[in-house]
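Report on the structure
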There are 2 protein chains.
Amino acid sequence: MSLTRLVFGRPLANQEQRERKIGAFEGVPAMGLDGLGSSSYGPEAALTVLIPAGAAGLAAIGWIMAPILFLLLILYISYRQTIRAYPSNGGAYTVSKENLGTNASLLAAAALMIDYVLNVAVGISAGVGALTSAVPLLHPYTLELCLAILALVTIVNLRGTLDAGRLFALPTYLFVASFLLLMMIGIYKTLSAGGHPAAVVAPPGLPAATEAVTLWLLLRSFAAGCTAMTGVEAVSNGVSAFREPGVKYGHRTLVVICGVLGTLLAGIAYLAHAYGIGAMDQTQDGYQSVLSQLTAAIVGRGVFYFVAIGSVLAVLCLSANTSFVDFPRLCRLVAQDSFLPRAFAFVGRRLVFSVGILYLAAAAGLLLVAFGGITDRLIPLFAIGAFLTFTLSQAGMVSHWRHVIASGTSGRERQKAHGSLVINAVGAVTTGTALAIIVIAKFIEGAWITIVVIPCVILLLRAIRGYYDELAVRLHNDRPLQLRRSKPPIVLVATEGWNRLTDKALGFALGLSPDVVAVHMTKEGEAEGDEEERSLREKWATDVEAPARALGLRPPRLVTLQAPYRRIHVPLLQFVEQTQVEHPSRTIAVLIPEVMKHRWWQHLLHTHRARRLRYALLRYGGSGLIVMNAPWHLEEPKIEEALVPEEVFLAAAGDKQPEPRKEAR
Amino acid sequence: MSLTRLVFGRPLANQEQRERKIGAFEGVPAMGLDGLGSSSYGPEAALTVLIPAGAAGLAAIGWIMAPILFLLLILYISYRQTIRAYPSNGGAYTVSKENLGTNASLLAAAALMIDYVLNVAVGISAGVGALTSAVPLLHPYTLELCLAILALVTIVNLRGTLDAGRLFALPTYLFVASFLLLMMIGIYKTLSAGGHPAAVVAPPGLPAATEAVTLWLLLRSFAAGCTAMTGVEAVSNGVSAFREPGVKYGHRTLVVICGVLGTLLAGIAYLAHAYGIGAMDQTQDGYQSVLSQLTAAIVGRGVFYFVAIGSVLAVLCLSANTSFVDFPRLCRLVAQDSFLPRAFAFVGRRLVFSVGILYLAAAAGLLLVAFGGITDRLIPLFAIGAFLTFTLSQAGMVSHWRHVIASGTSGRERQKAHGSLVINAVGAVTTGTALAIIVIAKFIEGAWITIVVIPCVILLLRAIRGYYDELAVRLHNDRPLQLRRSKPPIVLVATEGWNRLTDKALGFALGLSPDVVAVHMTKEGEAEGDEEERSLREKWATDVEAPARALGLRPPRLVTLQAPYRRIHVPLLQFVEQTQVEHPSRTIAVLIPEVMKHRWWQHLLHTHRARRLRYALLRYGGSGLIVMNAPWHLEEPKIEEALVPEEVFLAAAGDKQPEPRKEAR
């Protein structure tokens, strides 16, 4: 078994696609880690903004979490509708394209693509940051740990979304179970203590207030807390990963993610207030996250504490997985519309879009290396993309329902669509408002970078599409096949002396055309080759011209070319051009015999003259020139060498079964 | 002007070769830096071994330097003879090959190749070591400095030996002039002081003796001192670099190198003894080299001191140049005998053997990086190669003169040959003895590595020759051209849909053969392509089959291939194989239309399907398959794009002048 097989698994056939789809069980770990992980940093981010307001700030957490929970509910309901309306793929890109036009869809695509790349870098870096602050011994290896996790997530996703969903199920469900349990214990304790529970491990006291609770402070806290909602759109972008019926499994996954996330957000806000737990300054020694303080306050620092905090670390580290599931699927859709290179639409070895996965890994890896594994400065850039796509997606759905209403037949259908329209309209307005608040609140901190980068990405996508459009116009052929009884081509055979290669090539060339010219180039790199040329001419007269004349054929001419600057393709190109000028109505073909290399060391021992000639002729010879290669093998290859074991099996089966191909006539 | 042109100079034409040859003025810097540089570390190495013997050891320096000078004289006379006897190339490889057989020549080649690589690494590292001990500020940049000097010497030599000779003439002649002057001043002062001159700057006292002067100590000191002679063989290996008459310029260069080296060695030994200067422990603080102590003692630490010591540094740093002149020329000879890859015999852009230069730079660079720029541990490996080639070269010349005597006609000629034989025999015996002493004295320090590596290199050279021999036998063709009136090939045209590429390719294919099959492969990476296939079949019937039938031609078949594992070359290879089985007497040709890319970013936007198909067909399709490429350009290329300015000029001149090529008939 080769290393590739061990790491990436066996190649999967097209017909296995159905079995590779996921259900809700795998869907939550595959797409939900980003959303669930948000619960650990969203409330913390909101509380961090409130630090200067002291205890009064903590008291305001309810005023901040309530609209966030309301927004989450709106998002849940409207994404539910989106998934039902676009069962094959309901991502913001598709919804905007169908309802708002190309510009809006490119805006959504650019925002999502940037967000997914940032999510990988920031997610892994946040997870590793939490890990190294728990185990300071690991601190010097921050970047290495980040890259190792990136490699793990990349490899698992190259194996397929199903593998990722299964492998990451354990930490995901461990996180969900332990924090739901924690919330229940905490709420029970709070209620039984009449709202003022005693902490098992007392949290550090809140700092004294240095600022009043102003509207601006609340808005900034809200903007920061909105990061808790990133990842909610993931399911809608990845519906195509689910098995049939995709709507059902998409809905199930969405309900689990939103339900757990909402419960945790509400619970954390309630309990933080009850236990008097605020955010701490990360730059100070003795920093503890809100979740760590809360867990210790409710259950103390026992086994449960370490299991729960361990699962938070795992979820944070692996939250990048959501991007790895959605980004390649988004890029595939964009590539199918010719806004990205076509390779993004290629189905890879394991039936996932490998190019997108690799591109995402490379982009995030570069960010991690550039920032040394500490990506705090990227966080302000983060939520904008998510809320931009929320808004576009909702607005698109509004337009969608208007079309349904306009074209709907039954009254009941129209009434239903009216209801949906209202929900999406509320969603569009609220997420749009949240977006405006986030942009204003985070503008100076770095949000302006996103606002600069998005148009650049859109311009790039448009430029790519422009190239493909131009190519399509140039390649388009609306006339039927043009046939004229043309003369056979003039065949030039590149020779290096009289040997079996030349023999085989001349034989083939004379079978194609009566006009064959053997073109001998002096040995590459040799300044003089007169001696060699003379002996070749003698051989030519006896071994080529004589037998050709005996058969009544016109013997092939022998032409010798000199390369004064030892660049053998130059005189050949000039000779081709001259022949074209002399015979404007004829096609010119150059036949290049080539010794094929089967082992790596043979590449060091041969001079690759044939390959370089071919490249130069194809690149500079013009569209009128045909380049022919006559391979010559020291050992004849077997076709099995080109096959993976599965294909060998298919080929063997094909001998007995009907032909695996269809023919027209 | 492009960057390449600026750095490496304009390409040189074959006919400029004569003007690129060097004379003695450039010969001394080009080939002599290794030999001249030896004077700075040879005596120091001998004195270092004598440190434990204290003042008694210093007194013995005469006993060590005398046989070294005698050896140098023998080498001078015998290499003079060798150059005259082999005026085109008198290197140890050629002399051994002609007189002692292939095994001896490979031994010489292996020893020389290893020595040249070591010389580059050790020379540069020693020079930089001396520089950083003079300017401790530079110490942290040791490796960077080493690599920068390596890059400089590499680039200058890629520009040509003439450029290297001219550029490095200044430091070379400055070194020669300042040290000859220093010796004269020193000897004058010594003689006028009756043998006991007063030092301007007193050298540090000699350490107390801890060992007696034994024969073993003297032998070890002699073996260490013999490094002073490395580089003397350089001229004989590089005779082909000199302009005509090569013997004259070779002799002049040799006499300058040996004369200056001998004078310096004798002078240093005499003056070190007179001034009481011994070697110092390099690992101790305050270390000064023997040359530095001597210069300070004779003229003090004035301007002259800094000029002289500066020139030593430059000569040491640049001593690698000798390897860069000789190694590529040696490799070229070995490659012409098929013991090295053929690319080593290629004449590069500037009429030097660029592959050898680049290989040498890479090998030395790897050594420098592996040892962090401090290659002291490589020094014991060093002199063995030189003395092995000395001995082989002398022994070869003995055999040469015996042949001359056996076949010589005139008595005078035979008498002359007898004299030469005696000189070379003395040379062979003395250098052989020195080699034995060096191997014994340095065996444990590392000389054994050389003794292990040399046979491995020889085995590698023989294996390369074995491959080329096998290839020649397989390619050899002793029968005349085999012509049979064969049927035209079956042409398979790879299509991706009905477009201009397909149109052009089909037109060409139908001109070649009545048997044309269009092979459509479902879009790469797409699991299903049924829709697309149906529309293609419709177009095929109206746009291809109808016009072909109207002309009375057999319409080309359309075959669709499925790739269950999305590796499109696999079904095509299988189809080719099946066609071959069905038509064993016909040649199969596959025609691949290809959109050519002219700009780097186009490579990112295309999928390179044509290139990958071509590779797979050539690699696995067998010798019976012909692969044809039909290039298609978005903008037609101009042949001028492929030319360097000099070739454009030639092409323009060619329009008016007679054809630059010769034709047979």
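What comes next is a walk through the structure. (Residues numbered from 1 in each chain as written. Chains lettered and ligands numbered in written order. Predicted model: local features only at pLDDT ≥ 70, side-chain atom pairs only at ≥ 80, totals over all residues. Heavy atoms only, no water.)

**Considering the overall build of chain A**
If you tally the helices and strands in chain A, you get 24 helices and six strands. On C-alpha atoms alone, chain A measures out to a radius of gyration of 34 Å, which is more than a quarter above the 26 Å that the 2.2 N^0.38 rule sets for 665 residues. Split by element, the accessible area of chain A, about 27,700 Å² in all, is 63% carbon and sulfur. With 58 positive and 47 negative side-chain charges, chain A shows a separation of 7 Å between the mean positions of the two kinds. (Helix = DSSP H or I, 4+ residues; strand = E, 2+ residues; numbered from the N terminus. Rg over C-alpha atoms; globule rule 2.2 N^0.38 Å. Areas by Shrake-Rupley, 256 points an atom, 1.4 Å probe, with all protein chains shown as cover. Lys, Arg positive; Asp, Glu negative; His and termini not counted. Charge placed at Lys NZ, Arg CZ, Asp CG, Glu CD.)

**Brief notes about the interface of chain B and chain A**
Residue-level contacts link 128 residues of chain B with 128 residues of chain A. Summed over both partners, the interface of chain B with chain A buries about 11,400 Å², with 56% contributed by carbon and sulfur atoms. For the chain B face of the interface with chain A, the top three residues by lost area are Tyr467, Leu481 and Tyr565 of chain B, together amounting to 7%. Glutamate 641 of chain A is the partner of arginine 619 of chain B in a salt bridge, and the nearest nitrogen-oxygen pair spans 3.4 Å. Applying the counting rule to chain B against chain A returns 50 residue pairs in polar contact (both at pLDDT 80 or more). Considering every element that reaches the side of chain B that touches chain A, the biggest residue donor is helix 19 (residues 500-512) of chain B, with ten residues. In terms of residue class, the side of chain B that touches chain A is built from 63 nonpolar, 28 polar and 37 charged. (Contact = heavy atoms within 4.5 Å. Buried area = accessible area lost by both parts, 1.4 Å probe. Salt bridge = Lys/Arg side-chain N within 4 Å of Asp/Glu carboxyl O. Polar contact = N/O pair within 3.5 Å; in protein donor to acceptor, adjacent residues only side chain to side chain. Nonpolar A, V, L, I, M, F, W, Y, C, P; charged D, E, K, R; others polar.)

**Some words on a nonpolar patch on the surface**
All names here are of chain A. A surface patch of nonpolar side chains, amounting to about 640 Å² of accessible area, comprises Phe443, Ile444, Trp448, Ile449, Ile451, Val452 and Val453. Secondary-structure assignment places phenylalanine 443 in helix 18 (residues 411-475). Judged by relative accessible area, phenylalanine 443 falls into the partly exposed class, the value being 40%. (Patch = residues over 30% accessible without salt bridge, like charges linked within 9 Å, V, L, I, M, F, W, Y side chains within 5 Å. Buried < 20%, exposed > 50% of the residue type's maximum accessible area, 1.4 Å probe, protein only.)

**Concerning the packing of helix 7 (residues 142-159) of chain B against helix 15 (residues 320-336) of chain B**
All names here are of chain B. The N-to-C vectors of helix 7 and helix 15 enclose an angle of 35°; their axes lie 10 Å apart at closest approach. Helix 7 and helix 15 meet at a crossing whose hand is right-handed. Every residue of helix 15 that contacts helix 7 at Leu150, Val153, Thr154 and Asn157 is listed here: Asn321, Phe324 and Val325. Counted by class, the contact of helix 7 with helix 15 contains four nonpolar, three polar and no charged residues. (Axes fitted to C-alpha atoms, helices over the stretch in contact; angles between N-to-C directions. Left-handed = near helix turned anticlockwise from the far one by under 90°.)

**Description of the side chain of serine 40 of chain A**
Residue and element names in this part refer to chain A. Take serine 40: it is sitting in helix 2 (residues 24-50). Judged by relative accessible area, serine 40 falls into the buried class, the value being 13%. Reaching out from serine 40, the side chain makes a polar contact with the backbone oxygen of glycine 37 at a distance of 2.8 Å. Beyond its immediate chain neighbours, meaning those up to four positions away, serine 40 contacts Leu291, Val312 and Leu316.

**Quick word on unusual backbone geometry**
All names here are of chain A. Residue proline 245 is reached from glutamate 244 by a cis peptide bond, and omega for that bond is -10°. With respect to the secondary-structure elements, proline 245 resides in the loop between helix 11 (234-237) and helix 12 (246-275). Phi at histidine 608 is positive, roughly 60°, even though this residue is not glycine.

**So, the environment of histidine 606 of chain B**
Considering the arrangement of structural elements, one finds histidine 606 of chain B in the loop between helix 22 (600-605) and helix 23 (609-620). The spatial distance from the C-alpha of histidine 606 of chain B to the C-alpha of alanine 60 of chain B is 76 Å, given a sequence separation of 546 residues. Not counting chain neighbours up to four residues away, the residues in contact with histidine 606 of chain B comprise Tyr467 and Leu471 of chain A together with Val595 and Lys597 of chain B. Side-chain polar atoms of histidine 606 of chain B contact the side chain of tyrosine 467 of chain A, separated by 2.6 Å.

**Overview of the relation of the copies chain B and chain A**
Of the transformation superimposing chain B on chain A, the axial component is 0.1 Å and the angular component is 180°, with the fit at an RMSD of 0.2 Å. The superposition operator between the copies reduces to a two-fold rotation axis. The position closest to the rotation axis in chain B is occupied by the C-alpha of methionine 628 of chain B, lying 2.1 Å away. A share of 100% of interface residues in chain B that are also interface residues in chain A marks the association as one of identical surfaces. (Least-squares fit on C-alpha atoms with pLDDT ≥ 70 in both.)

**As for helix 14 (residues 303-318) of chain B**
Residues and elements named next belong to chain B. With 16 residues, helix 14 extends 22 Å between its outermost C-alpha atoms, agreeing within 8% with the 22 Å of an ideal straight helix rising 1.5 Å per residue. Buried residues of helix 14: Tyr305, Ala308, Ile309, Ser311, Val312, Leu313, Val315, Leu316, Cys317 and Leu318, and no others. Those residues of helix 14 that are buried lie in contact with helix 2 (24-50), helix 6 (102-134), helix 7, helix 9 (169-192), helix 13 (290-299) and helix 15. (Expected span 1.5 Å × (residues − 1).)

**With respect to the pattern of salt bridges**
Residues and elements named next belong to chain A. If you walk through the whole model with that rule in mind, you get 36 salt bridges over all chains. For aspartate 469, the salt bridge goes to arginine 465, with nearest N and O atoms at 3.0 Å. Pair noted here: aspartate 469 and arginine 465 are both in helix 18, with a separation of four residues, about one helical turn. With a closest N to O distance of 3.1 Å, arginine 614 and glutamate 594 form a salt bridge. A residue pair is termed long-range when its members are at least 10 positions apart, and arginine 614 in helix 23 (residues 609-620) and glutamate 594 in strand 4 (residues 588-596) qualify at 20 residues. Per residue, the accessibility class of arginine 614 equals that of glutamate 594, and both read buried. Residues participating in the shared-partner salt-bridge network are Arg20, Arg159, Asp163 and Arg350.

**Quick notes on the side chain of aspartate 326 of chain B**
Residues and elements named next belong to chain B. As for its placement among the helices and strands, aspartate 326 is situated in helix 15. Buried and unpaired, aspartate 326 has no salt bridge, with arginine 329 as the nearest side chain of opposite charge at 5.5 Å. Only 3.2 Å separates the side chain of aspartate 326 from the side chain of tyrosine 116, close enough to count as a polar contact.

**Section: the environment of leucine 131 of chain A**
Residues and elements named next belong to chain A. Tracing the sequence through the fold places leucine 131 in helix 6 (residues 102-134). For the pair leucine 131 and leucine 313, spaced 182 residues apart in the sequence, the C-alpha separation amounts to 6.4 Å. If near-sequence neighbours (up to four positions away) are discounted, leucine 131 is found in contact with Leu138, Leu145 and Leu313.

**Regarding helix 18 of chain A**
The first and last C-alpha atoms of helix 18 of chain A sit only 49 Å apart over 65 residues, clearly below the 96 Å expected at 1.5 Å per residue. Remark: the principal bend of helix 18 of chain A, roughly 120°, maps to phenylalanine 443 of chain A. (Bend = angle between axes of the 7 residues up to and from the residue.)

**Examining the packing of aromatic side chains**
Applying the stated criterion to the full structure yields 20 aromatic pairs over all chains. An angle of 85° between the planes, with centres 5.3 Å apart, marks the rings of tryptophan 601 of chain A and tyrosine 467 of chain B as edge-to-face. On the criterion of chain membership, the pair formed by tryptophan 601 of chain A in helix 22 (residues 600-605) and tyrosine 467 of chain B in helix 18 (residues 411-475) is interchain, its members lying in two chains. Residue class for tryptophan 601 of chain A comes out partly exposed when judged on its relative accessible area of 32%. Cluster of aromatic residues (ring-pair linked, three or more members): Tyr79, Phe387 and Phe390 of chain A. (Phe/Tyr/Trp six-rings, centres within 6.5 Å; stacked < 30°, edge-to-face > 60°.)

**Digging into the nonpolar core**
Among the nonpolar cores identified, the biggest contains 144 residues, and Met31, Ile124, Phe179, Met229, Phe324, Phe387 and Leu461 of chain A are the most heavily contacted of them. Per element, the largest residue contribution to this core is 17 residues, and it comes from helix 6 of chain A. Ranked by size, the runner-up nonpolar core spans 142 residues in total, among them Val117, Val334, Ile437 and Ile454 of chain B. (Core = buried A, V, L, I, M, F, W, Y, C linked by side-chain atoms within 4.5 Å.)

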